[in-house]
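Observations on chain architecture
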Amino acid sequence: MKYYLFFWKICIAVMVLIGINVLLDPKQSQSLLRVSLFGILPLILSMIFFLLKKKINTILITLNSLILLIVCLIFYEAYLINRGFNRTVNLEEIEDKQVCGNSFKNIRNLSVYPVGGISKKKIIFFNKENSNIGYRNNDRYGFNNENKIWNDKINTIFIGDSFTYGVDVNFDENFVEIYKKSIDKTLNLGCGGNGPIIEYATFVEYVKNLKLNPNYLFWVYYSGNDLTKDIISENKSYYKNYLKNNFSQNLPSKQKSINQIIQFFIEKKNLKTDNEEKIEYNLAKEYFSIFKFIKIRSKLGISKGYTKDNFEIFKSILNKVDEEMQKWDGELIFIFIPSQSRYA
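Residues numbered from 1 in each chain as written. Predicted model: local features only at pLDDT ≥ 70, side-chain atom pairs only at ≥ 80, totals over all residues. Heavy atoms only, no water.

1. Structural notes on empty space enclosed by the protein
Within this structure, the stated rule accounts for one cavity of 30 Å³ or more. The space that makes up the largest cavity amounts to roughly 30 Å³. Forming the walls of the largest cavity are Lys97, Gln98, Val99, Gly117, Ile118, Lys121, Ile123, Asn138, Ile262 and Ile266. When its residues are assigned to classes, the lining of the largest cavity shows five nonpolar, three polar and two charged. (1 Å grid on protein atoms, 1.4 Å probe; cavity = no way out; pocket = protein on both sides within 12 Å on 5 of 7 lines; lining within 4 Å. Points joined across faces, edges and corners; volume = space filled by probe spheres on them. Nonpolar A, V, L, I, M, F, W, Y, C, P; charged D, E, K, R; others polar.)

What follows is the structure in structure tokens.
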């Protein structure tokens with residue numbers, strides 16, 4: 001019985017620490033749900049546990065139930081990790097997939113940091129629902145458009161990540177292509193993995209500097225990672241320089257260098273042994289973090305948190321874009337794409 005009493009005290013201490021840690025964490029303070037669920041509730045439970053410390057039967061039932069619950073959660077987390085982790089890589093398709101700014105966040109001392117892809121490169125598109133495969137050449141700056149669009153006066157521009165780019169569907173099936181059927185002078189500047197800072201870099205380099213002056217600019221925001229993940233890593237990379245006033249790399253004039261840098265990156269990544277080791281390492285890393293219950297929290301829609309500072313950076317980016325658009329009487333339109341876990 002003394003062991004149960006010891007673990008009972010441990011439970012009280014852990015819940016107090018969790019509650020205090022969450023209440024003091026600036027990431028959690030942005031969500032009333034997380035503050036209530038992981039901050040206030042543990043503190044209330046710790047007080048209830050303390051008041052029940054002399055109820056032996058209650059202690060036995062509660063601790064056994066907690067142990068059983070934790071074991072079940074661990075097994076379920078392991079199941080989600082194993083189900084969600086794709087252990088196979090089709091090496092023949094690596095060269096044919098789009099590579100852009102997101103791939104270079106953690107690389108130092110490059111002469112040029114891309115935000116688009118390789119110009120006029122043949123890219124593979126795969127529809128995951130019907131398994132149809134299509135190919136299209138990138139435009140002159142490495143984006144998912146027909147090259148001739150750059151010769152026209154642009155009416156509408158879309159900026160975003162993989163949703164905007166058109167991942168997991170054929171090249172003519174993404175929502176930008178559907179929009180083009182009504183407004184044909186439409187430019188897609190989306191690219192997979194790009195977050196708010198790289199997306200702002202895209203605006204600076206290919207909209208502002210090229211003086212495209214579109215009537216409409218759709219900024220596509222994904223709540224699943226734009227503020228909770230992408231902006232954090234981008235703000236630690238070279239791309240943070242774009243937050244400075246008037247910073248630019250003049251990328252449109254450096255497409256040859258961009259092509260060379262991305263091609264070199266692809267060739268390094270296209271080694272079979274490197275890919276296999278990376279897959280095994282990532283899977284091991286997932287299992288080592290099993291007690292964080294990341295997959296379960298994501299499934300419940302309570303894993304996303306961001307700081308007030310990151311939100312202010314994002315707000316300043318949108319304000320800058322809006323100010324630029326107003327110079328030529330253009331309109332900035334914000335599209336919100338919720339994370340799957342919010343409704344699934």
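2. Description of the packing of aromatic side chains
A complete count under the given rule lists 21 aromatic pairs for this structure. Ring geometry for Phe158 versus Tyr179: centroids 5.1 Å apart, planes at 75°, classification edge-to-face. Taken as a pair, Phe158 in strand E3 (residues 156-159) and Tyr179 in helix H6 (residues 175-180) lie far apart in primary sequence, 21 residues in all. The exposure class of Phe158 is buried, given its relative accessible area of 3%. Residue Tyr179 is classed as partly exposed on the basis of its relative accessible area of 23%. With a centroid separation of 6.4 Å and 20° between ring planes, the pair formed by Tyr200 and Phe203 is classed as stacked. On the criterion of helical spacing, the pair formed by Tyr200 and Phe203 is a turn pair, its members being three residues apart in helix H7 (residues 196-208). Classification of Phe203 by relative accessible area gives buried; the value is 0%. Each member of the aromatic cluster is reached from another via a ring pair, and the members are Tyr113, Tyr238, Tyr239, Tyr242 and Phe247. (Phe/Tyr/Trp six-rings, centres within 6.5 Å; stacked < 30°, edge-to-face > 60°. Helix = DSSP H or I, 4+ residues; strand = E, 2+ residues; numbered from the N terminus. Buried < 20%, exposed > 50% of the residue type's maximum accessible area, 1.4 Å probe, protein only.)

3. A word on the packing of helix H8 (residues 226-234) against helix H12 (residues 308-327)
Look at H8 against H12: their axes get within 10 Å of each other, and the N-to-C directions meet at 80°. Taken as axis vectors, H8 and H12 run roughly perpendicular relative to one another. When H8 is examined against H12, the residues Leu227, Ile231 and Ile232 are found in contact with a partner set consisting of Asn310, Phe311, Ile313 and Phe314. For the contact of H8 with H12, the residue count by class is six nonpolar, one polar and no charged. (Axes fitted to C-alpha atoms, helices over the stretch in contact; angles between N-to-C directions. Parallel < 35°, antiparallel > 145°, perpendicular 65-115°, else oblique. Contact = heavy atoms within 4.5 Å.)

4. Here we look at the pattern of salt bridges
If you walk through the whole model with that rule in mind, you get eight salt bridges. With a shortest N-O distance of 3.7 Å, Asp184 and Lys185 are connected by a salt bridge. Given the relative accessible area of 29%, Lys185 is considered partly exposed. One salt bridge connects Glu312 with Lys315, and the closest N-O pair in it is separated by 3.6 Å. Linking Glu312 with Lys315, this pair stays in helix H12, spanning three residues, or about one helical turn. The exposure class assigned to Glu312 is partly exposed, which follows from its relative accessible area of 35%. Owing to a relative accessible area of 37%, Lys315 belongs among the partly exposed residues under this scheme. (Salt bridge = Lys/Arg side-chain N within 4 Å of Asp/Glu carboxyl O.)

5. Some details on H7
Within H7, twelve of the 13 residues are buried, which leaves it mostly tucked inside the rest of the structure. Listed in full, the buried residues belonging to H7 are Pro196, Ile197, Ile198, Glu199, Tyr200, Ala201, Thr202, Phe203, Val204, Glu205, Tyr206 and Val207.

6. Considering the nonpolar core
With 43 residues, the main nonpolar core has Ile157, Leu189, Phe203, Tyr206, Leu217 and Trp219 as its most contacted residues. Ranked by the residues each element gives to this core, the list is headed by H7, at eight residues. Not counting residues within four places of it along the chain, the set of residues in contact with Leu217 comprises Ile157, Ile159, Phe203, Val207, Val321, Met325, Glu331, Leu332 and Ile333. Trp8, Cys11, Met15 and Ile59 belong to the second-largest nonpolar core, a separate cluster that totals seven residues. (Core = buried A, V, L, I, M, F, W, Y, C linked by side-chain atoms within 4.5 Å.)

7. A short note on the environment of Phe175
Secondary-structure assignment places Phe175 in helix H6. With a relative accessible area of 33%, Phe175 lands in the partly exposed category. Taking C-alpha positions, Phe175 is 7.3 Å from Thr164, a pair spaced eleven residues apart along the chain. Those residues in contact with Phe175 that sit more than four places away from it in its chain are Phe158, Phe163, Thr164 and Val220.

8. Overview of the sheet that holds strand E4 (residues 186-188)
Ordered in space as E4-E3-E5-E6, the four strands form an open sheet in which the pairing is parallel. Each having just a single partner strand, E4 and strand E6 (331-337) make up the two edges of the open sheet. Pairwise comparison of adjacent strand axes, ignoring direction, gives a mean angle of 20° for this sheet. One ladder, built from three bridges, connects E3 with E4; its direction is parallel. Bridge pairing in E4 places Ile157 opposite Leu187. Relative to strand E5 (residues 216-222), H12 is tilted by about 170°, and along the sheet it contacts E5 and E6. (Pairing = 2+ DSSP bridges.)

9. Considerations on the side chain of Lys180
As for its position among the elements, Lys180 is in helix H6. The residues contacting Lys180, other than those within four sequence positions of it, are Asn144, Asn145 and Thr186.

10. Section: the confidence of the model for the chain
The share of residues in the chain with pLDDT of 70 or more is 80%, and the mean pLDDT across the chain is 81. Residue range residues 86-94 is modelled with pLDDT below 50. Its contacts to residues more than four positions away, or to other chains, number 13 contacts. Counted against residues more than four places away or in other chains, residues 272-281, with its pLDDT under 50, gives 13 contacts. (pLDDT = per-residue confidence, 0-100.)

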